[in-house]
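For reference, the chains in residue letters:
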Amino acid sequence: MRRLAILAHLAVLARDGGHAFTFPVQNARVVSAPSGALSVATDHNRWETEIDSAIDYASMTSLPRHPSNVEANEILEETETALRSMQEKVLFHNVHMDEGDDAVAADAEFEEEVPLDMEQESVYANSYVDLGKVDTVGFDYDYTLVTYKKELLSLIYDMALTRLVEEKEYPREMLTSGLKFDPFFSIRGLAVDRENGWICHLSYTHKVAVAWEGRHRVPRPRLVEEYTGKRALSPSKRKKRLKPLNDLFSMAECCLMADTVQFFLDRDIPFCPRSAVSDVLGSITGTHISGDFHRRVAKEPERYFEDKPNLKSVLDKMKQSGKRLIFVSNSPFWYCDAGMNYVVGPGWRDQWDVVITSAGKPAFYTEDNRPFREVDATTGKVKFKQVNYLQKGRVYTSGCLTELTKCLNWRYNPNWRTHSNAEDEEEEAPYDDIYNPLNNPNVMYIGDSLFADLVDAKREFGWTTAAVTPEVGWEIELQRKTEFIIADKAIEMLLNSLRLYQRSLGTGLRSKEDLQVMDKMERIVSRWRDEQTRLLGNPFGSVFRARYTPSLFAHSLRRYCDLYMSNVGSLRHYSPQHRFYPESPKLLSHEIRGSNPECCDIDDPIFDPNCF
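The structure presented is a predicted model; accordingly, all values stated were derived computationally and were not measured. (Residues numbered from 1 in each chain as written. Predicted model: local features only at pLDDT ≥ 70, side-chain atom pairs only at ≥ 80, totals over all residues. Heavy atoms only, no water.)

What to know about the overall build of the chain
Working step 1: A count of helical and extended segments in the chain gives 23 helices and 20 strands.
Working step 2: Residues classed as buried in the chain amount to 52% of the 612 residues present.
Working step 3: Counting only contacts in the chain whose residues sit at least 6 apart along the sequence, the fraction spanning at least 24 positions is 73%.
Working step 4: Taken as a whole, the chain presents about 29700 Å² of accessible surface, with 49% of it coming from carbon and sulfur. (Helix = DSSP H or I, 4+ residues; strand = E, 2+ residues; numbered from the N terminus. Buried < 20%, exposed > 50% of the residue type's maximum accessible area, 1.4 Å probe, protein only. Contact = heavy atoms within 4.5 Å. Areas by Shrake-Rupley, 256 points an atom, 1.4 Å probe, with all protein chains shown as cover.)

A short note on the sheet that holds strand E12 (residues 354-357)
Working step 1: Read from one edge to the other, the open sheet built from 9 strands follows the order E3-E19-E16-E15-E5-E11-E12-E14-E13, with strand pairing classed as mixed. Each having just a single partner strand, strand E3 (123-125) and strand E13 (372-375) make up the two edges of the open sheet. Neighbouring strand axes in the sheet, compared pairwise and without regard to direction, differ in orientation by 25° on average.
Working step 2: Sheet analysis places E13 next to strand E14 (residues 395-398), joined by 4 bridges and oriented antiparallel. Bridge assignment links Val375 to a residue of E14, and that residue is Val395.
Working step 3: In the packing of helix H14 (residues 311-320) onto the sheet, the strands contacted are strand E5 (136-139) and strand E11 (324-328), and the crossing angle to E11 comes to about 135°. (Pairing = 2+ DSSP bridges. Axes fitted to C-alpha atoms, helices over the stretch in contact; angles between N-to-C directions.)

So, the confidence of the model for the chain
Working step 1: Looking at the chain as a whole, its pLDDT mean stands at 82, while 78% of the residues score no less than 70.
Working step 2: Segment residues 1-54 is flagged for pLDDT under 50; beyond a separation of four residues in sequence, or across chains, it makes 90 contacts in the model.
Working step 3: Note that pLDDT drops below 50 for residues 102-112; the model gives that stretch 13 contacts with residues more than four away or on any other chain. (pLDDT = per-residue confidence, 0-100.)

Some points on the environment of Leu500
Working step 1: Among the structural elements, Leu500 can be located in helix H20 (residues 482-505).
Working step 2: In sequence terms Leu500 and Ala72 are 428 residues apart; their C-alpha atoms lie 8.2 Å from each other.

Brief notes about the pairing of strand E8 (residues 208-213)
Working step 1: With 6 of its 6 residues buried, E8 lies for the most part within the structure.
Working step 2: Relative to E8, strand E7 (residues 199-202) runs antiparallel, the two being bridged by 4 bridges. By the bridge assignment, His201 is partnered in E8 with Val210.
Working step 3: Between E7 and E8, which pair antiparallel one after the other, the connecting turn spans 5 residues, and His206 there sits at a positive phi close to 70°.
Working step 4: In this sheet, strand E9 (residues 216-217) lies alongside E8 in antiparallel orientation, the contact comprising 2 bridges. Paired with Glu213 across the bridge in E9 is His216.

As for the packing of aromatic side chains
Working step 1: Counting across every chain of the model gives 32 aromatic pairs.
Working step 2: A centroid spacing of 5.9 Å and a plane angle of 80° characterise the contact between Trp198 and Tyr227, whose relative ring orientation is edge-to-face. You can see Trp198 sitting in the loop between strand E6 (190-193) and E7 and its partner Tyr227 sitting in helix H8 (residues 220-227), a full 29 residues away along the chain. As far as burial versus exposure is concerned, Trp198 and Tyr227 are alike and both buried.
Working step 3: The ring of Phe185 carries the charged tip of Arg215 above its face, separated from the ring centre by 4.2 Å. (Phe/Tyr/Trp six-rings, centres within 6.5 Å; stacked < 30°, edge-to-face > 60°. Lys NZ or Arg CZ within 6 Å of the ring centre and 35° of its normal.)

Remarks on helix H22 (residues 552-560)
Working step 1: When we look at burial in H22, the residues that qualify are Phe553, Ala554, Ser556, Leu557 and Tyr560. Viewed end-on, H22 has its buried residues packed into an arc of 165°, placing them on one side of the element. (Arc of directions from axis to C-beta.)

Quick word on the packing of helix H7 (residues 150-168) against helix H10 (residues 250-266)
Working step 1: At a minimum axis distance of 9 Å, the contact between H7 and H10 shows a crossing angle of 45°. Taken together, H7 and H10 sit at an angle that is classed as oblique. Considering the relative orientation of H7 and H10, their crossing is right-handed. Within the contact between the two elements, H7 uses Leu153, Ile156, Tyr157, Ala160, Leu161 and Leu164 and H10 uses Met251, Ala252, Cys255, Leu256, Asp259 and Thr260.
Working step 2: Counted by class, the contact of H7 with H10 contains 10 nonpolar, 1 polar and 1 charged residues. (Parallel < 35°, antiparallel > 145°, perpendicular 65-115°, else oblique. Left-handed = near helix turned anticlockwise from the far one by under 90°. Nonpolar A, V, L, I, M, F, W, Y, C, P; charged D, E, K, R; others polar.)

Side note on the packing of H7 against helix H11 (residues 273-290)
Working step 1: Contact geometry for H7 and H11: axes closest at 8 Å, N-to-C directions at 115°. When the axes of H7 and H11 are compared, the pair comes out roughly perpendicular. The handedness of the crossing between H7 and H11 comes out as right-handed. From H7, Ile156, Met159, Ala160, Arg163, Leu164 and Lys168 reach across to H11, where they touch Asp279, Val280, Ser283, Ile284, Gly286, Thr287, His288 and Ser290.
Working step 2: A per-class count over the contact of H7 with H11 returns 6 nonpolar, 5 polar and 3 charged.

Structural notes on the side chain of Ser398
Working step 1: Within the element layout of this structure, Ser398 appears in strand E14.
Working step 2: Ser398 sits in the buried class, given a relative accessible area of 19%.
Working step 3: Non-local contacts of Ser398, meaning those with residues more than four positions away in its chain, are made with Ile356, Thr357, Ser358, Ala359, Phe364, Arg370, Pro371 and Phe372.

Some thoughts on the pairing of E7
Working step 1: Of the two faces of E7, both are covered, the one formed by Ile199 and His201 as well as the one formed by Cys200 and Leu202.
Working step 2: Across 3 bridges, E6 lies against E7 in antiparallel orientation. Each bridged residue has a counterpart across the sheet, and for Val192 the counterpart in E7 is Ile199.
Working step 3: Between the antiparallel neighbours E6 and E7 lie 5 residues, among them Gly197 with a positive phi of about 80°.

Right, here's the structure in full:
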């Protein structure tokens, strides 16, 4: 079987065309195929469909040739050999691994230096942060303190769809046509274009890298026509046309928008995209405001909430280190209480110095005249009395940061005595009269939504900000897969080959043949990028990359967040006085590539199939 598999692979590589399914797929098995080539079957129908139409790997390692330039062809031949050798080695490695060859396993070149779970559980730093100086830590609730199973987004999708039909008189057929939330379609950080209903993935320069109309990808010519040659809108048009879909709840919003458009397109039903976008967004908002899904989740917490075994220990450690804890959520108290009782247990409020629900972020940060109201923790009713100061153990609603500062009697940093020799509690605190407890970097806020939770906290008040981005953990696991590593290495080889190829052509004008080779090479690079997107399991690819450039989401994450992590539980691996040091903040090509910014020689280690 081993020899047959390898010979089949080599035969496919020797042919022009044909399908070489050389990469392993999770939960996959090798099966025979009528064509004689290797095929892959999985237990997941969705993946079977994708694999049936998988990319032709043989053509992706067959590089064009120049009709007359010998030096250029040597570069192309060397690159082609390196690409094919890399694939052959991986196939040989995986066939041996499937048969339980311990010697190959012991000698595997693919062993990760850092354990996967450690990398997924790391806290990543964009800037220097000294937790020892942080005296106050605020937390969001949804997708931060509590996280949800996929059933929640399905519930929101179904409720919003019903609302579309019942309140906006959309076709009743939509309720019986099989429309369901697809967790493999949408990602966070997208935007919907109000003018055409397209779902767009933006780069950090606001360029539309990928767009989908319904469930079909918008071809490049239409993108160029719609968004001009640069595929980007002016700031004023961008503000009018694009509605950001930045938080994890918005994945249901994105999916329902695409399905609604596709429903109309499939049935040739005329529709106004702007109205459809407005209706879908309104139905999602109405589902949130009505509290319908909140009530369902609160009744069945075990069905919708994920377990958080490490949350209580994280909060306890922070509290024991002398840090103040502030709970600030946009959700109503009774809903927060249900979730926190499930993940932490009864008496969860004892850990918190301040509990604020229905806060109305981001208005909580930006407005300065929203008074606090107290919530009766037993009945959930809002009391009429004026709130002049906030007490531990009580629950509050509405409010704003300006009022929060006024209503707190925190006149000094709670940790100042840890660094002093003072024994008398009456000794004057060094922060008196100059210490503003909520307008300095010693306050850290942790949340999942960049623009609802973190941007204004950083921009307006200078807080230290930490983002909960579960995509970090998911993508790290996927990007460690052998097939993704190979695709990444192939792109690196091909781009470097293009640089060397251009250097061989000199500085004169390019001939038609010169440009044709480059065009073909660029198309191969694009196909490898498509393969990376396929491996990530959704049509938009990485949350952090818009094709080959950083996404707008990644740019905002870097700009407004000092730290980010896959979940709050990751903090258990760090001391409350841990100091985070950022990775090298290189941004420009000359900084990254060093002394050889254009390319490396053909005998560079990246062309060695044994180097990884």
